[in-house]
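Remarks on the overall topology
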Amino acid sequence: EAQVTQNPRYLITVTGKKLTVTCSQNMNHEYMSWYRQDPGLGLRQIYYSMNVEVTDKGDVPEGYKVSRKEKRNFPLILESPSPNQTSLYFCASSLDRPSYNEQFFGPGTRLTVL
Amino acid sequence: AQSVTQLDSQVPVFEEAPVELRCNYSSSVSVYLFWYVQYPNQGLQLLLKYLSGSTLVESINGFEAEFNKSQTSFHLRKPSVHISDTAEYFCAVSEGYGQNFVFGPGTRLSVLP
């Protein structure tokens, strides 16, 4: 089954404790992206990647890191989480640029930073 | 940079009534426009998109949207809604060959029996 998976689905942590949210897709997609969803703000793009070893900042990259060492994986890293990073996070992938191609979304990761 | 406005944060409507969800965008270049839907506790799914050609685009479940360049709008309509249409709807824009993607704040559609 073609899908985007994220782990964990739920995470409660404390300020400053490094964490990684994994994202994997099995569709051989070139483009992958991370979004955060906050009430009243919709989805805001954090980082995106056009291909392996190619990443770029989205609209809200501060406090986040990403890597794209393999085509299928695009982990999101919070080196020192803070309470303002409490949010619902979605990973997405598309065959190529999202301008032309449908983005497929993972189920989401709900992160709470205390 | 492009931006998207969805003026209605919540739209309650009775079953079988028509509905329109409004979307306006701003951009200095040509754009591609999308509507994504998020059902409760799920990720987003593409509902329909405008890339070029006919300004009226349709989805398989009865929704349609019309691209209006002069009014910079891409409103979503359905002539008769069902309970199962209850979801949050996001309008999105991508500029030309751009790689990033901007979503609007979303409109929560609640279909009442």
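In what follows, the structure referred to is the one given above.
Remember, predicted model here, so these are calculated numbers, not experimental data.

1. Structural notes on the state of the cysteines
Residues and elements named next belong to chain A.
- Under the counting rule described, the total for this entry stands at two disulfides over all chains.
- Covalently, cysteine 23 is tied to cysteine 91 through a disulfide, its sulfur atoms 1.8 Å apart. Between cysteine 23 and cysteine 91, the disulfide has an S-S torsion of -70° and is therefore left-handed. Here the residue cysteine 23 occupies a position in strand S3 (residues 19-25), and cysteine 91 occupies one in strand S9 (residues 87-94), the gap between them amounting to 68 residues.
- Judged by its relative accessible area of 0%, cysteine 91 is buried.

2. Section: the packing of aromatic side chains
- Applying the stated criterion across every chain yields a total of 13 aromatic pairs over all chains.
- An angle of 85° between the planes, with centres 5.3 Å apart, marks the rings of A:Tyr35 and B:Phe103 as edge-to-face. Of this pair, A:Tyr35 sits in strand S4 (residues 31-38) while B:Phe103 sits in strand S11 (residues 102-103), placing the two residues on different chains.
- You can call A:Tyr35 buried: its relative accessible area is 0%.

3. Looking at the interface of chain A and chain B
- The interface is formed by 21 residues belonging to chain A together with 24 residues belonging to chain B.
- Summed over both sides, the interface between chain A and chain B buries roughly 1800 Å², with carbon and sulfur atoms accounting for 50% of that surface.
- Broken down residue by residue, the surface that chain A buries against chain B is led by A:Leu43, A:Ser99 and A:Tyr100, which jointly contribute 31%.
- For the pair chain A and chain B, the interface holds zero salt bridges.
- On the surface where chain A and chain B come into contact, there are two residue pairs in polar contact (both at pLDDT 80 or more).
- When residues of the side of chain A that touches chain B are traced back to their parent elements, those giving at least two are S4 and strand S5 (42-51) of chain A.
- For the side of chain A that touches chain B, the residue count by class is eleven nonpolar, seven polar and three charged.

4. Structural notes on the environment of B:Asn68
- As for its placement among the helices and strands, B:Asn68 is situated in strand S8 (residues 64-68).
- Judged by relative accessible area, B:Asn68 falls into the partly exposed class, the value being 24%.

5. Some points on the pattern of salt bridges
Residues and elements named next belong to chain A.
- Applying the stated criterion across every chain yields a total of nine salt bridges over all chains.
- Ionic pairing is found between arginine 44 and aspartate 38, a salt bridge with its closest N-O pair at 2.8 Å.
- Note on arginine 44: relative accessible area 26%, which makes it partly exposed.
- When the shortest N-O distance is used, the salt bridge between lysine 65 and glutamate 79 registers 2.9 Å. With lysine 65 in strand S7 (residues 65-66) and glutamate 79 in the loop between strand S8 (76-78) and S9, the pair connects residues that are 14 residues apart, well separated along the chain.
- The exposure class of lysine 65 is partly exposed, given its relative accessible area of 42%.
- Residues joined by salt bridges that share partners form a network here, namely Lys18, Lys65 and Glu79.

Basis of the calculations
- Here the residue numbering is sequential within each chain, running from 1 through the sequence in written order.
- Chain labels run from A onward and ligand labels from 1 onward, assigned in the order the entries are written.
- The predicted nature of this model means local features are confined to residues of pLDDT at least 70 and side-chain atom pairs, given and counted, to a pLDDT of 80 or more, with totals for whole chains, interfaces and linings taken over all residues.
- The side-chain figures draw on all heavy atoms in the structure; neither hydrogens nor water molecules are used.
- In plain terms, two cysteine sulfur atoms within 2.5 Å form what is called a disulfide here.
- Each helix is a run of H or I in the DSSP string that is no shorter than four residues. Each strand is a run of E no shorter than two, and both are numbered from the N terminus.
- Between buried and exposed lies partly exposed: a residue is buried under 20% and exposed over 50% of the maximum accessible area for its type, with that area taken using a 1.4 Å probe on protein chains only.
- Here the aromatic set is Phe, Tyr and Trp, taking the six-membered ring for Trp, and pairing holds for ring centres within 6.5 Å; pairs whose planes are under 30 degrees apart are stacked, those over 60 apart are edge-to-face, and all others are tilted.
- By definition, residues are in contact when any of their heavy atoms lie within 4.5 Å.
- By buried area we mean how much accessible surface two parts lose on assembly, using a 1.4 Å probe and totalling the loss over both.
- The term salt bridge refers to a pairing of a side-chain nitrogen on Lys or Arg with a carboxyl oxygen on Asp or Glu at a separation within 4 Å.
- Residues adjacent in sequence count toward polar contacts only when both atoms are side-chain atoms; beyond that, a polar contact is any pair of N or O atoms within 3.5 Å, and within protein one must be able to donate a hydrogen and the other to accept it.
- The nonpolar class holds Ala, Val, Leu, Ile, Met, Phe, Trp, Tyr, Cys and Pro. Asp, Glu, Lys and Arg form the charged class, and all remaining residues, Gly among them, are polar.

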